Protein chains: 2
Amino acid sequence: MAQEHVIHIEGNLAVPEVVVMRLPQYLRVLEALAEEGTEVVSSEQLGLRIETTPAQIRKDFSYFGKFGKQGRGYSVRYLLAELRHILKLDGEWKVGLVGVGRLGRAILSYQGFAPAGFKVVAAFDSDSRQIGQMVGGIMVQPMHRIQEVIQGEGIQIGIVAVPAADVQRVVDRLVECNVRAIVNYAPVAVHTPQNVKVRNVDPVLALQSMTFYLP
Amino acid sequence: MAQEHVIHIEGNLAVPEVVVMRLPQYLRVLEALAEEGTEVVSSEQLGLRIETTPAQIRKDFSYFGKFGKQGRGYSVRYLLAELRHILKLDGEWKVGLVGVGRLGRAILSYQGFAPAGFKVVAAFDSDSRQIGQMVGGIMVQPMHRIQEVIQGEGIQIGIVAVPAADVQRVVDRLVECNVRAIVNYAPVAVHTPQNVKVRNVDPVLALQSMTFYLP
DNA sequence: GTTTGTGAAGTATTTCACAGCC
DNA sequence: GGCTGTGAAATACTTCACAAAC
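Rules used throughout
Residues numbered from 1 in each chain as written. Chains lettered and ligands numbered in written order. Predicted model: local features only at pLDDT ≥ 70, side-chain atom pairs only at ≥ 80, totals over all residues. Heavy atoms only, no water. Helix = DSSP H or I, 4+ residues; strand = E, 2+ residues; numbered from the N terminus. Buried < 20%, exposed > 50% of the residue type's maximum accessible area, 1.4 Å probe, protein only. Areas by Shrake-Rupley, 256 points an atom, 1.4 Å probe, with all protein chains shown as cover. Lys, Arg positive; Asp, Glu negative; His and termini not counted. Charge placed at Lys NZ, Arg CZ, Asp CG, Glu CD. Least-squares fit on C-alpha atoms with pLDDT ≥ 70 in both. Contact = heavy atoms within 4.5 Å. Pairing = 2+ DSSP bridges. Right-handed = clockwise from strand over helix to strand, strands pointing away. Near = heavy atom within 4 Å. Polar contact = N/O pair within 3.5 Å; in protein donor to acceptor, adjacent residues only side chain to side chain. Nonpolar A, V, L, I, M, F, W, Y, C, P; charged D, E, K, R; others polar. Buried area = accessible area lost by both parts, 1.4 Å probe. Salt bridge = Lys/Arg side-chain N within 4 Å of Asp/Glu carboxyl O. Axes fitted to C-alpha atoms, helices over the stretch in contact; angles between N-to-C directions. Parallel < 35°, antiparallel > 145°, perpendicular 65-115°, else oblique. Left-handed = near helix turned anticlockwise from the far one by under 90°.

Enquirer: Would you mind going over the overall build of chain A with me for this structure?
Expert: Helix and strand counts for chain A come out as eight helices and 12 strands. Overall, the C-alpha framework of chain A stretches about 65 × 50 × 40 Å when taken along its three principal axes. Put simply, chain A has 215 residues, and 47% of those count as buried. For chain A, the accessible area works out to roughly 10,900 Å², and carbon and sulfur atoms hold 51% of it. Side-chain charges of chain A comprise 22 positive and 21 negative groups, with the mean position of each set lying 2 Å from the other.

Take a look at the structure:
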């Protein structure tokens, strides 16, 4: 296997983050292909679906092993299983939500997390009017119980849907509770130790980075 | 000004897209600084806020001109105005929403778009039970009126919050109506002509690209 | 003394192109 | 004949380092 600038860090192969960010997209296309009943797919066909080059796809896969057969392509089922394994998506992750406002409620009733392997098992809010309410089958807990619940339930991932002003405080709290992956819906950058991953889901940034290209 | 691989295309300077994607983040930090009453800021201070290097910030700005003063730094007010101008955020953009389900309703009542310069002025749905309802001060229109309304109101940007299966059809429709910037909330990749920008707002992809790094 | 703006240097990422295998 | 896997080449992006400006 190619080594390049690829090095071992704590027993884990250092794959470029851009590559990791593309894997879930490949996964999604493969899931669609599997549902359509396609059994074998080439890097070229995948490239058409995802609007990238066949070479990029093959190179991306090559960071993890050899999954195809020359002259044939990739077995959809096999590649799907391998990618799920690589991304650690072959099990179920438990997720805790902080913030049960309008957005938080939409998140709690969103049906797209479960089939992707993410189960929201707890929700927290600091507003006493929310606490104790049932939303999407989950009872809203007070913030002061967060450590207890996260550790009791074995929650590894946080979703933060609180006002911008509260985000950093909430994220710090989650980090204290040993959560190392956080999705932040608020339009603010947060600071975390580098062993904690944060992804922002931010429609305003998305809009503001497109207007540059508009006439 | 440095030329590098920077070339003119249809009278527009070809700035790397990564740079354009960072500008809104600088804008946000500058807005926070302005509110705090800070008048001058150095690339180093900006770098600390946004977790990047001073050199990157200076290089990014250099694609557009010279905005600072040696020995001093950048005037927050002036840089803010320049960045708003570069990103074409010194006016107001009109936005049309397609899909008034739970998510669409959360989007319509989200208070974060207006201060950023985006005004949602129309909403569409194909479900006859939604049509005619008032949501967030806007009356939901039937899909067949989309061209008429988009052109009548001068809408330049679309937000799509419909089920995955309908996204491509809706996006095609928006493109026909001359919309050239689209935010897609559904977990699917869409295909558009390359003069149409699409940004996905997708919490599932965000989650799936973090689990790789979890133990 | 401080900090910008920027060529040049250094990395990272993508694409090429082809040997090897099916 | 077709398609993968991969070094090597090409391109893109980031960081360095320093002259010029204040």
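Further notes follow.
Enquirer: Whenever I open this one, the relation of the copies chain B and chain A confuses me. Can you help?
Expert: The operation relating the two chain copies consists of a rotation about an axis and a shift along that axis. Screw-axis analysis of chain B against chain A gives a translation of 0.0 Å along the axis, an RMSD of 0.0 Å, and a rotation angle of 180 degrees. Taken together, the turn and the small shift mark the pair as related by a two-fold rotation axis. Minimal C-alpha separation from the rotation axis in chain B is found for B:Val201, amounting to 3.0 Å. Taken together, the interface assignments show that 100% of the residues at the interface of chain B recur at the interface of chain A, consistent with an identical surface on both copies.

Enquirer: Even after reading the chapter, I still don't get the pairing of strand S7 (residues 118-125) of chain A, so can you show me in this structure?
Expert: The two faces of the sheet receive side chains in turn, since in a regular strand these alternate between them. Residue and element names in this part refer to chain A. Of all eight residues that make up S7, seven are buried, and the element is covered over most of its length. Examined bridge by bridge, strand S6 (residues 93-98) and S7 share six bridges and lie parallel to one another. Its bridge partner lying in S7, Gly 96 is registered against Ala 122. A crossover connection joins S6 to the parallel S7 through helix H5 (residues 102-108); in handedness this β-α-β unit is right-handed.

Enquirer: Honestly, the protein's contact with DNA strand C in this entry has me stumped. Any pointers?
Expert: Near DNA strand C, the surroundings consist of 26 residues, among which A:Arg22, A:Gln70, B:Ser43, B:Arg58 and B:Gly71 are the closest. The share of sugar and phosphate among atoms of DNA strand C within 4 Å of the protein is 58%. At a separation of 2.8 Å, a phosphate oxygen of DNA strand C approaches a polar side-chain atom of A:Arg22. For the surface near DNA strand C, the elements supplying multiple residues, two or more each, are helix H1 (17-36) and helix H3 (54-62) of chain A together with helix H3 (54-62), strand S4 (68-69) and strand S5 (73-75) of chain B. Considering each element in turn, the surface near DNA strand C owes the most residues, four residues, to H3(A). A class-by-class count of the residues in the surface near DNA strand C yields six nonpolar, 12 polar and eight charged.

Enquirer: Hey, could you run me through the sheet that holds strand S4 (residues 68-69) of chain A in this one?
Expert: Two orientations exist for strands paired in a sheet by backbone hydrogen bonds: parallel and antiparallel. All names here are of chain A. Taken in spatial order, the three strands line up as S3-S5-S4 in an open sheet, and their pairing is antiparallel. Edge positions in the sheet fall to strand S3 (40-41) and S4, since each of these pairs with one other strand and no more. The pairing of S4 with strand S5 (residues 73-75) spans two bridges and is antiparallel. Its bridge partner lying in S5, Lys 69 is registered against Gly 73.

Enquirer: When you look at the protein's contact with DNA strand D in this model, what are you seeing that I'm missing?
Expert: Taken together, the neighbourhood of DNA strand D is formed by 23 residues, with A:Ser43, A:Arg58, A:Gly68, A:Tyr74 and B:Arg22 sitting nearest. Backbone atoms, meaning sugar and phosphate, form 58% of the atoms of DNA strand D found within 4 Å of the protein. At 2.7 Å, a backbone N or O of A:Ser43 approaches a phosphate oxygen of DNA strand D. Between DNA strand D and A:Arg58 there is a distance of 2.7 Å, counted from a base nitrogen to a side-chain nitrogen or oxygen. Among the elements that make up the surface near DNA strand D, the one with the highest residue count is H3(B) (four residues). Taken together, the residues of the surface near DNA strand D break down into five nonpolar, 10 polar and eight charged.

Enquirer: How should I be thinking about the interface of chain B and chain A in this particular structure?
Expert: For interface size, the figure often reported is the accessible area lost on association. On the side of chain A, 54 residues touch chain B, which itself brings 54 residues to the contact. Taking both sides of the interface into account, the surface hidden between chain B and chain A amounts to around 5,300 Å²; carbon and sulfur atoms contribute 68%. Three residues, B:Arg28, B:Gln208 and B:Phe212, lead the burial of chain B against chain A; their summed loss comes to 14% of the area buried on that side. Summed over the shared surface of chain B and chain A, the number is two salt bridges. Among the salt bridges present, the one from B:Arg28 reaches A:Asp202, with a minimum N-O distance of 2.7 Å. Between chain B and chain A we count 18 residue pairs in polar contact (both at pLDDT 80 or more) in total. Breaking the side of chain B that touches chain A down by element, the ones donating at least two residues are helix H1 (17-36), helix H2 (43-50), helix H5 (102-108), strand S11 (181-184), strand S12 (197-200) and helix H8 (203-208) of chain B. Element by element, the count of residues in the side of chain B that touches chain A is highest for H1(B), at seven residues. Of the residues that constitute the side of chain B that touches chain A, the class distribution is 36 nonpolar, eight polar and 10 charged.

Enquirer: Can you help me understand the packing of helix H6 (residues 146-153) of chain B against helix H7 (residues 164-176) of chain B in this one?
Expert: Packed helices, taken two at a time, are described by their axes: the angle between them and the distance between them. Residue and element names in this part refer to chain B. Between H6 and H7, the least distance of the axes is 10 Å, while the angle of their chain directions is 45 degrees. By the angle between their axes, H6 is oblique relative to H7. Pair H6 / H7 crosses with right-handed handedness. Facing Ile 146, Gln 147 and Ile 150 of H6, the residues of H7 in contact are Arg 173, Leu 174 and Glu 176. Of the residues that constitute the contact of H6 with H7, the class distribution is three nonpolar, one polar and two charged.

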